[in-house]
Amino acid sequence: MVLNPFSQGKDEKTRLQEAVKYDPAVDPDVWVAFAAWMDCYSLRYQAIQYYHSGRGRSCHPKWKHLQAVLRMKTSEHSDKIWREYLEWLGKERAKSPGSSSVWNLREEPPKNFWQ
């Protein structure tokens, strides 16, 4: 489980190393989950998704994250709930297309590149 890398009491090198690995989708903090869910519905977020993929993105994964975090805070089986959420997240990420579905990998520049 990845915790917030910006917490106090850590030296700068440790915070920077953890910040590189920081993924808000697996942060068990309620406010992080709520902010990500609300940001998903913003015009800026949806416009960026439309620009990148040609369509808006569903906010369902962010909602599932918020639900899991809230259920963890109110249940005595928080480890089980978090494991189930991480398994679901792994399956969702495996189904989602990567950048290779948008961009073609080139081994060399186009023939008329310098003209």
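Scroll up a little and you will see the structure.
Residues numbered from 1 in each chain as written. Predicted model: local features only at pLDDT ≥ 70, side-chain atom pairs only at ≥ 80, totals over all residues. Heavy atoms only, no water.

Draft legend 1. Quick look at the overall build of the chain. Each helix and strand in the chain was counted, giving 5 helices and 0 strands. Of all 115 residues assigned to the chain, the portion counted as buried reaches 18%. Put simply, 48% of the contacts in the chain that link residues at least 6 apart link residues at least 24 apart. As displayed, the chain offers around 9,500 Å² of accessible surface, 56% of which is attributable to carbon and sulfur atoms. (Helix = DSSP H or I, 4+ residues; strand = E, 2+ residues; numbered from the N terminus. Buried < 20%, exposed > 50% of the residue type's maximum accessible area, 1.4 Å probe, protein only. Contact = heavy atoms within 4.5 Å. Areas by Shrake-Rupley, 256 points an atom, 1.4 Å probe, with all protein chains shown as cover.)

Draft legend 2. The arrangement of the state of the cysteines in detail. Using the criterion set out here, one finds 1 disulfide in the structure. Between the sulfur of cysteine 40 and that of cysteine 59 lies a disulfide, 1.9 Å long from S to S. One disulfide, between cysteine 40 and cysteine 59, carries an S-S torsion of -95° and so falls in the left-handed class. You can see cysteine 40 sitting in helix α2 (residues 30-40) and its partner cysteine 59 sitting in the loop between α3 (43-53) and α4 (60-74), a full 19 residues away along the chain. Just as cysteine 40 is buried, cysteine 59 falls in that class too. (Disulfide = S-S within 2.5 Å.)

Draft legend 3. Examining the packing of α2 against α4 more closely. Two numbers describe how α2 lies on α4: the axes approach to 9 Å, and their chain directions differ by 155°. Considered as vectors, α2 and α4 are oriented roughly antiparallel to each other. Helix-helix and strand crossings are classified by hand; for α2 and α4 the assignment is left-handed. Residues Val30, Ala33, Phe34, Ala36, Trp37 and Cys40 of α2 touch α4, and the partners they reach there are Lys62, Trp63, His65, Leu66, Val69, Leu70 and Lys73. Among the residues making up the contact of α2 with α4, the classes are represented as 10 nonpolar, 1 polar and 2 charged. (Axes fitted to C-alpha atoms, helices over the stretch in contact; angles between N-to-C directions. Parallel < 35°, antiparallel > 145°, perpendicular 65-115°, else oblique. Left-handed = near helix turned anticlockwise from the far one by under 90°. Nonpolar A, V, L, I, M, F, W, Y, C, P; charged D, E, K, R; others polar.)

Draft legend 4. Structural context of helix α5 (residues 78-95). Compared with the 26 Å implied by 1.5 Å per residue over 18 residues, the 26 Å span of α5 between its first and last C-alpha is a close match. Where α5 is buried, its residues contact α4. (Expected span 1.5 Å × (residues − 1).)

Draft legend 5. Broad picture of the pattern of salt bridges. Enumeration over the complete set of coordinates arrives at 3 salt bridges. Close ionic contact of glutamate 92 with lysine 95 constitutes a salt bridge, the shortest N to O distance being 3.0 Å. Taken together, the residues glutamate 92 and lysine 95, both in helix α5 and 3 residues apart, mark about one turn of the helix. Judged by its relative accessible area of 26%, glutamate 92 falls in the partly exposed class. Classification of lysine 95 as exposed rests on a relative accessible area of 61%. (Salt bridge = Lys/Arg side-chain N within 4 Å of Asp/Glu carboxyl O.)

Draft legend 6. Expanded view of the packing of aromatic side chains. Scanning the entire structure with this criterion turns up 6 aromatic pairs. A centroid spacing of 5.2 Å and a plane angle of 35° characterise the contact between tryptophan 82 and tyrosine 85, whose relative ring orientation is tilted. With a gap of 3 residues between them, tryptophan 82 and tyrosine 85 both fall in helix α5, about one helical turn apart. A relative accessible area of 5% means that tryptophan 82 is categorised as buried. (Phe/Tyr/Trp six-rings, centres within 6.5 Å; stacked < 30°, edge-to-face > 60°.)

None of this, on its own, says anything about what the molecule does.
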